[in-house]
4 protein chains.
Amino acid sequence: MIKAGIIGGAGYTAGELLRILLRHPEVEIDFVYSTSQPGKPVAGKHQDLLGETDLQFTGQLNKDVDVIFLCLGHNNSRKFLEENEISVNTKIVDLSTDYRMASTDHSFIYGLPEFNKEAIRSANHLANPGCFATAISLAILPLASAKLLKDEVHVNAVTGATGAGTSLSATTHFTWRDNNFSSYKSFEHQHLNEIGQSLTKLQPDFRKDVNFIPNRGNFSRGIHATAYTKFSGDLEEARNIFKNAYKDAAFTFVVEEELHLKQVVNTNKCLLRLQKFGDKLLVTSIIDNLLKGASGQAVQNMNLMFGLEEKTGLQLKANYF
Amino acid sequence: MIKAGIIGGAGYTAGELLRILLRHPEVEIDFVYSTSQPGKPVAGKHQDLLGETDLQFTGQLNKDVDVIFLCLGHNNSRKFLEENEISVNTKIVDLSTDYRMASTDHSFIYGLPEFNKEAIRSANHLANPGCFATAISLAILPLASAKLLKDEVHVNAVTGATGAGTSLSATTHFTWRDNNFSSYKSFEHQHLNEIGQSLTKLQPDFRKDVNFIPNRGNFSRGIHATAYTKFSGDLEEARNIFKNAYKDAAFTFVVEEELHLKQVVNTNKCLLRLQKFGDKLLVTSIIDNLLKGASGQAVQNMNLMFGLEEKTGLQLKANYF
Amino acid sequence: MIKAGIIGGAGYTAGELLRILLRHPEVEIDFVYSTSQPGKPVAGKHQDLLGETDLQFTGQLNKDVDVIFLCLGHNNSRKFLEENEISVNTKIVDLSTDYRMASTDHSFIYGLPEFNKEAIRSANHLANPGCFATAISLAILPLASAKLLKDEVHVNAVTGATGAGTSLSATTHFTWRDNNFSSYKSFEHQHLNEIGQSLTKLQPDFRKDVNFIPNRGNFSRGIHATAYTKFSGDLEEARNIFKNAYKDAAFTFVVEEELHLKQVVNTNKCLLRLQKFGDKLLVTSIIDNLLKGASGQAVQNMNLMFGLEEKTGLQLKANYF
Amino acid sequence: MIKAGIIGGAGYTAGELLRILLRHPEVEIDFVYSTSQPGKPVAGKHQDLLGETDLQFTGQLNKDVDVIFLCLGHNNSRKFLEENEISVNTKIVDLSTDYRMASTDHSFIYGLPEFNKEAIRSANHLANPGCFATAISLAILPLASAKLLKDEVHVNAVTGATGAGTSLSATTHFTWRDNNFSSYKSFEHQHLNEIGQSLTKLQPDFRKDVNFIPNRGNFSRGIHATAYTKFSGDLEEARNIFKNAYKDAAFTFVVEEELHLKQVVNTNKCLLRLQKFGDKLLVTSIIDNLLKGASGQAVQNMNLMFGLEEKTGLQLKANYF
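Remember, predicted model here, so these are calculated numbers, not experimental data. (Residues numbered from 1 in each chain as written. Chains lettered and ligands numbered in written order. Predicted model: local features only at pLDDT ≥ 70, side-chain atom pairs only at ≥ 80, totals over all residues. Heavy atoms only, no water.)

Participant: Explanation requested: the relation of the copies chain A and chain D in the structure shown.
Facilitator: Two chain copies here: they are related by a rotation about an axis and a translation along the same axis. At an RMSD of 0.0 Å, chain A and chain D line up after a rotation of 180 degrees and a shift of 0.0 Å along the axis. Such values leave the two copies arranged in the relation of a two-fold axis. Across chain A, the rotation axis passes nearest the C-alpha of Asn319(A), at a separation of 3.2 Å. A shared binding surface is used by both copies, with 100% of the interface residues of chain A retained as interface residues in chain D. (Least-squares fit on C-alpha atoms with pLDDT ≥ 70 in both. Contact = heavy atoms within 4.5 Å.)

Written out as structure tokens, the structure reads:
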């Protein structure tokens, strides 16, 4: 059994990680570290777990674990690792933005399995991709991989309220968000960095803009993204490129049917649909922001890092309704 | 024109009051008092008003107004009136709980127009009823008025998230409340006091329990209440009692159709439906908690206090969808 | 008083029209024509009207009215006018798509008051714009009017479920749409025709694509649209162009604050926000699809056609929450 | 491996059954029978299954299976079994109401495992309880089991839109149900029969009313029920009775925390909370109507009927947000 520790146990990604790992046949949760509520039952915070676990949050780190997951706010992963020495025998999966950009400062591998599986398998330190970055990268990287991105990419995506974190804010108040819609951080979302890094790695000469408008949807989970760009080939050619890119993917599928977000909510899947209009290729991409966009992908990466079958513990029943 | 001041301008009830009074043909808003954001535009807080008003919050009271509305948190109305001297020529409409229970300490009249219209017309100080209290009182007071309450009353009601106020809390976070449902303060909701006061006033010998389970619904506005009790007459008799009780009501109607909450959302109406099952009479009652349950009823009371037609400024278009 | 008839009384747009006209100080509803439910009470279908009106649907046309509103499904307005002779003294406001494209076949004037007010004032037959067309046109026509559209326009918009009409379908079933999101008719939405017609009228040499991805949101009312294109001027210049374009607009406002859809729901307003990123100008536009996008704009047009003040009967209280 | 057939594959309960059985380690789905769409892919109807299964609906029954699940509309199970001869070696789990009431006409065992586990273990034909019946029975049967029901029981429960089935109707249209609330079938819901049967079996002298008001909530999944009745003991005594009643239950837990519906959505759990107010005991009960209230409980029963560990295939990750 893989002994796992979770650092920062109170947020959404930690909660999802707990839900997955408690059912994972090869993992034993060793500790859930929380400075804010040591000694309190985990099921008091993640209340769907009532009746399922007696785990308590702890303020003590056990450094003798096989893997730790960092479920900390952005910038806090780096701080945590500076302040705490982690054994070289402990693998680290970081869910924050802190190590997603490659650098000589650190040894974290970017964990998008569809494009980086071999490196992930041998990684000790893994940077789990951002939620928007995952949905959008899976929609456009096959074109970059085929060196076929020629022009600007136009992306519009909407995320659920869990995308904004557990802290209370005006735009996460129910009376504000219920039956509402808004965009934010247009053209300037922080995930554009990691998307750009992945694009350039695959198609180094690509220099055009990725125009991205993120939106706040009035639902809790999921990301629905559309991305279009000029593409000179026909639809069949595009489909072949994508199907080939994902032929070994465990959770990413190219389908022909019209998509809707709830097909993937509460699963680790990404569904992609391609359409061609005039000279433009439109790709629709849907994921669950907390699973394929965070904790599910983290476990997928952990499975790869420990030589397990990639889907272990991740064959999740969709909520669907 | 009636010159009105609003004390405590940032909350839900103040916002609704502003929306109504800005369109009220006989009222001019003199000031909107807010200690938290003096000098800021009202439309910055109540953002639907962008393009409609240049009003700014003020930290200065103008005591030379015809009416002030107290839109303060509970306990704060009393405190405000202790700390600020209000002219005897200024009428006061208080939306908090502070003066709803009759007392020799104060001269506030309980403002449920359906049962207290004459007293309201001559009131200088008015205590506006609570939202649950309004929905439930309108469902059961006709029976008390006819001295026909004989047994316990069983009430279950659900309110929208605006019922919990603007402050952020775990149960008003979108990710918690979306697609969720829960009950709270069962048998102990504070509005039972004012309901009991109204019942006893109409049927002094009534001594049975009013059992009330309030619920949090995953919608923003409105209260849906069901109340049932033993009733020895038939349905026709019950309907006559209710229709008679509300024959002069401006906004309260007894109907035969099945009800659903959105019929009254964004209006000042109360719709009531009666059904008889065995020896029990079931009354369903729906209101908008912020209008008939707060700011709408406050303006209805103001209209009565100033001798205006009761519906003035309150013929609101339902949102309905 | 203007005597009005409504043709096709059971749908969303007819319902909204009824809600507005019943409160309009200068209009008397003469009849509501419905072949599907003659003799039945209007409030049985539009159930928020219970207690407010005794109007009944009728299967009889009264041709002696001042104005008729056609609230029929697309293609059915033309059919209705072919089968029924309408007096030359009766003005016609058509809410369908049937007469929006100018043609020598008909005399209908396109009713977007912000760009066509004088023609509307003297129109006898008026084609009311589509909902998406209204939101998008108001976002981009000022640039066309200034002859400053130079490149493709990229539009993404989301509409509420009322946009799909009252008929039951898989994508309007609650269990499907609740907490869901999807796009449809990408690049091919029928409203692109009327948008293109308006653009070409203002800037005849404009030949670039308007790329439009419509989305189905999990809310009932409203349209939130973002549109961006290359713009060589700075933000100030853009704002001046827009503010000038809308300086006489009754309901369309250019604001600086971040927008969210519920600011305009249940109102006839359009709010617009401009931002500049690199060489692109982003315009966000929000309307209520049933009001400014349908029945509200129809009444605004009627007001203009009858020489009334443009806002009469349309100063609606937002639902907001 | 248990070979399973599903009769009536297009509805909600069949979809949930498929989601569970496709992941069940001891079950192989032999066929999914649907007269309406033979030959079509199952994932075309239950679209979250895209990428996971190539199963097709079939119009052919394979009678050589170990178990069949009847996911037919009410009254259609009986009709199906009259028209089709099922092998005596095939166990039957019926999800309709048809065989829930014991009768000399049939041999179906009522499948509420918490109160009938031994009979279920040896059953060949099983009638799966109704969703409301499950939530309410689990809330009140421990008292009946202890012969402590003395007075009327007052029940109020709210169900999600999946409770109404997949057919389109006015009250399942998104624009109607969104942000709405209503009650229906008050005092007369059909599940009162099976609840009454269970009560009488445990406490044969109980003759008082169970007053039940069902409500339509604006969410998709789940039932939240409150039930109260007079109870002479104290809270501790009540808790002991309930904890004892459920000490061997696989999915039903008595907890002390305030409950909210999403704790159990997408799981097979029932959470119960007890409170005492004056002489009344209040029990709050939450389940997922499609899982513990239908397909999950059906699989739980199947596990028992085949001697498997009761939780096999049912340790589902909650959706929670």
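Participant: Sorry, what's going on with the domain arrangement of chain A here?
Facilitator: How big an interface is tends to be stated in terms of accessible area lost as the parts join. Residues and elements named next belong to chain A. Entries for chain A in the domain assignment read domain 1 (2-128 + 294-305) and domain 2 (131-287). The straight-line distance from the C-alpha centre of domain 1 to that of domain 2 is 25 Å. Listed per partner, the contact involves 15 residues of domain 1 and 27 residues of domain 2. Approximately 1700 Å² of surface area, both sides summed, lies buried where domain 1 meets domain 2, with 54% of it carried by carbon and sulfur atoms. The three residues of domain 1 that bury the most area against domain 2 are Tyr 12, Glu 114 and Phe 115, which together make up 36% of that side's buried surface. The shortest N-O distance in the salt bridge between Arg 221 and Glu 16 comes to 2.4 Å. Seen at the junction of domain 1 and domain 2, the total is 10 residue pairs in polar contact (both at pLDDT 80 or more). At the level of secondary structure, the elements contributing two or more residues to the side of domain 1 that touches domain 2 comprise helix H1 (12-21), helix H4 (113-121) and helix H9 (295-305). Broken down by element, the residue count for the side of domain 1 that touches domain 2 peaks at 4 residues, all from H4. Tallied by class, the residues present in the side of domain 1 that touches domain 2 amount to 6 nonpolar, 5 polar and 4 charged. (Domains from an automatic or database assignment. Buried area = accessible area lost by both parts, 1.4 Å probe. Salt bridge = Lys/Arg side-chain N within 4 Å of Asp/Glu carboxyl O. Polar contact = N/O pair within 3.5 Å; in protein donor to acceptor, adjacent residues only side chain to side chain. Helix = DSSP H or I, 4+ residues; strand = E, 2+ residues; numbered from the N terminus. Nonpolar A, V, L, I, M, F, W, Y, C, P; charged D, E, K, R; others polar.)

Participant: Would you mind showing me how to read the pattern of salt bridges here?
Facilitator: Inspection of the entire model under this criterion finds 69 salt bridges over all chains. Close ionic contact of Glu118(A) with Arg121(A) constitutes a salt bridge, the shortest N to O distance being 2.6 Å. Taken together, the residues span about one helical turn, with Glu118(A) and Arg121(A) both in helix H4 at a distance of 3 residues. For Glu118(A), a relative accessible area of 54% translates into the label exposed. Here Glu16(B) makes a salt bridge to Arg19(B), at a shortest N to O gap of 2.7 Å. One end of the pair is Glu16(B) and the other is Arg19(B), both in helix H1 (residues 12-21) and 3 residues apart, which spans about a single turn. Taking the relative accessible area as the measure of exposure, Glu16(B) reaches 0% and is therefore buried. One salt-bridge network, held together by shared partners, links Glu16(A), Arg19(A), Asp48(A), Arg221(A), Asp288(A) and Lys317(D). (Buried < 20%, exposed > 50% of the residue type's maximum accessible area, 1.4 Å probe, protein only.)

Participant: Explanation requested: the sheet that holds strand E5 (residues 91-94) of chain A in the structure shown.
Facilitator: Sheet strands pair via backbone hydrogen bonds, and the direction of the pair is either parallel or antiparallel. All names here are of chain A. One open sheet accounts for 7 strands, arranged E3-E2-E1-E4-E5-E7-E6; its pairing is parallel. Each edge of the sheet is formed by a strand with only one pairing partner; in this case those strands are strand E3 (57-58) and strand E6 (109-110). Two strands pair when backbone bridges link them, and E5 and strand E7 (residues 125-127) are joined in this way by 3 bridges, in the parallel orientation. By the bridge assignment for E7, Asp 94 is matched with Ala 127. (Pairing = 2+ DSSP bridges.)

Participant: Is there a simple way to think about the UniProt feature "domain: Semialdehyde dehydrogenase NAD-binding" (unreviewed entry) in chain A in this case?
Facilitator: As annotated by UniProt and renumbered to match this structure, "domain: Semialdehyde dehydrogenase NAD-binding" (unreviewed entry) occupies residues 3-123 of chain A. Here residues 3-123 of chain A runs as 26% helix and 20% strand, with 17 Å between its end C-alpha atoms. (UniProt positions renumbered as here; feature names shortened; annotations may be inferred.)

Participant: Can you help me understand the interface of chain A and chain D in this one?
Facilitator: At the interface, 37 residues of chain A touch 37 residues of chain D. Summing the contributions of chain A and of chain D, the shared interface buries around 3100 Å²; its carbon and sulfur component is 53%. When the buried surface of chain A facing chain D is broken down by residue, Leu50(A), Lys317(A) and Phe321(A) rank first, second and third, together holding 25% of it. The interface formed by chain A and chain D holds 4 salt bridges in total. Here Lys269(D) makes a salt bridge to Glu52(A), at a shortest N to O gap of 2.8 Å. Counting across the interface, chain A meets chain D through 24 residue pairs in polar contact (both at pLDDT 80 or more). Elements with a contribution of two residues or more to the side of chain A that touches chain D: H1 and strand E12 (252-255) of chain A. Top contributing element to the side of chain A that touches chain D by residue count: H1(A), with 4 residues. In terms of residue class, the side of chain A that touches chain D is built from 14 nonpolar, 11 polar and 12 charged.

Participant: Would you take a moment to explain the relation of the copies chain A and chain C for this structure?
Facilitator: With an RMSD of 0.0 Å, the operation that places chain A on chain C is a rotation of 180 degrees combined with a shift of 0.0 Å along the axis. Comparing interface residues between copies, 100% of those in chain A also lie at the interface in chain C; the contact surface is shared.

Participant: How do you make sense of the packing of aromatic side chains when you look at a structure like this?
Facilitator: In this description, a pair of aromatic rings is defined by centroid distance and the angle of the planes. This structure, assessed with the given rule, holds 44 aromatic pairs over all chains. Ring centres of Phe181(A) and Phe219(C) lie 6.4 Å apart, and the angle between their planes is 50 degrees; on these two criteria the pair is classed as tilted. Note that Phe181(A) is positioned in the loop between helix H6 (174-177) and strand E9 (182-183) and Phe219(C) in the loop between strand E10 (210-216) and strand E11 (223-230), a pairing that runs across two chains. Here Phe181(A) matches Phe219(C) in class, with each residue buried. Ring centres of Tyr99(C) and Phe108(C) lie 4.1 Å apart, and the angle between their planes is 10 degrees; on these two criteria the pair is classed as stacked. By relative accessible area, Tyr99(C) is classed as buried at 6%. One aromatic cluster is present, formed by Phe181(A), Phe219(A), Phe181(C) and Phe219(C) through successive ring pairs. Lying across the ring of Phe306(C), Lys91(C) places its NZ or CZ 5.5 Å from the centre. (Phe/Tyr/Trp six-rings, centres within 6.5 Å; stacked < 30°, edge-to-face > 60°. Lys NZ or Arg CZ within 6 Å of the ring centre and 35° of its normal.)

Participant: What is the right way to look at the interface of chain A and chain C in this model?
Facilitator: At the interface, 39 residues of chain A touch 39 residues of chain C. Note on chain A versus chain C: buried area summed over both sides is about 3300 Å², and carbon and sulfur give 53% of it. Remark: the boundary between chain A and chain C carries 7 salt bridges. Between Glu258(A) and Arg216(C) there is a salt bridge; the shortest N-O distance is 3.0 Å. Along the contact surface separating chain A from chain C lie 26 residue pairs in polar contact (both at pLDDT 80 or more). Taken together, the residues of the side of chain A that touches chain C sort by class into 14 nonpolar, 16 polar and 9 charged.

Participant: Hey, could you run me through the sheet that holds strand E7 (residues 125-127) of chain B in this one?
Facilitator: Residue and element names in this part refer to chain B. One open sheet holds the 7 strands; their spatial order is E3-E2-E1-E4-E5-E7-E6, and the pairing between them is parallel. Because the sheet does not close on itself, it has two edges, and the strands there are strand E3 (57-58) and strand E6 (109-110). One ladder, built from 6 bridges, connects strand E1 (residues 2-7) with strand E2 (residues 27-33); its direction is parallel. Residue pairing in the sheet places Ile 2 in a bridge with Val 27 of E2. Strands in contact with H1 are E1, E2 and strand E4 (67-70); relative to E1, the strand with the most contacts, it is inclined by about 160 degrees. Helix H3 (residues 76-83) contacts E1, E2, E4 and strand E5 (91-94) of the sheet and is inclined by roughly 140 degrees relative to E4. (Axes fitted to C-alpha atoms, helices over the stretch in contact; angles between N-to-C directions.)

Participant: Whenever I open this one, the packing of helix H5 (residues 131-145) of chain C against helix H7 (residues 191-202) of chain C confuses me. Can you help?
Facilitator: Residue and element names in this part refer to chain C. The geometry of H5 relative to H7 is characterised by a closest axis approach of 9 Å and an angle of 20 degrees between their N-to-C directions. Considering the angle they form, H5 stands roughly parallel to H7. When you trace H5 past H7, the crossing you get is right-handed. Facing Cys 131, Phe 132, Ala 133, Ile 136, Ser 137, Ile 140, Leu 141, Ala 144 and Ser 145 of H5, the residues of H7 in contact are His 191, Glu 194, Ile 195, Ser 198, Leu 199 and Leu 202. (Parallel < 35°, antiparallel > 145°, perpendicular 65-115°, else oblique. Left-handed = near helix turned anticlockwise from the far one by under 90°.)

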